[in-house]
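Structure at a glance
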Amino acid sequence: MGVTKEKLREELNDVPDEMLSELYNFMKYLKYKTSRKHEGMYTAYASEAVLKREWEKPEEDEAWSNL
């Protein structure tokens, strides 16, 4: 089921007023998260888990132990 702006508008009509601020903040967060301005930061976060496996190898500790 694809979501369209019209479907979002229909759902928005049913959202209680108390939730509107939270919904607005979430929408702003999603826009921020996907903005090109911050793209490099998210790439770094995404690669951290992969690189961590390499950093935690005993041979890495040995290679850097002299510094």
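Residues numbered from 1 in each chain as written. Predicted model: local features only at pLDDT ≥ 70, side-chain atom pairs only at ≥ 80, totals over all residues. Heavy atoms only, no water.

1. Let's talk about the packing of aromatic side chains
Going through the model one piece at a time under the given rule, you end up with 1 aromatic pair. Relative to Tyr29, the ring of Phe26 has its centre 6.3 Å away and its plane inclined at 35°; by these criteria the two rings are tilted. In this pair, Phe26 and Tyr29 both sit in helix α2 (residues 17-34), 3 residues apart, roughly one turn of the helix. Classification of Tyr29 by relative accessible area gives partly exposed; the value is 42%. (Phe/Tyr/Trp six-rings, centres within 6.5 Å; stacked < 30°, edge-to-face > 60°. Helix = DSSP H or I, 4+ residues; strand = E, 2+ residues; numbered from the N terminus. Buried < 20%, exposed > 50% of the residue type's maximum accessible area, 1.4 Å probe, protein only.)

2. Digging into the pattern of salt bridges
Summed over all chains, the structure comprises 3 salt bridges. We note a salt bridge from Lys52 to Glu56, for which the minimum N-O separation is 4.0 Å. Using a relative accessible area of 43% as the deciding quantity, one classes Lys52 as partly exposed. Classification of Glu56 by relative accessible area gives exposed; the value is 56%. (Salt bridge = Lys/Arg side-chain N within 4 Å of Asp/Glu carboxyl O.)

Geometric values such as these leave the question of function open.
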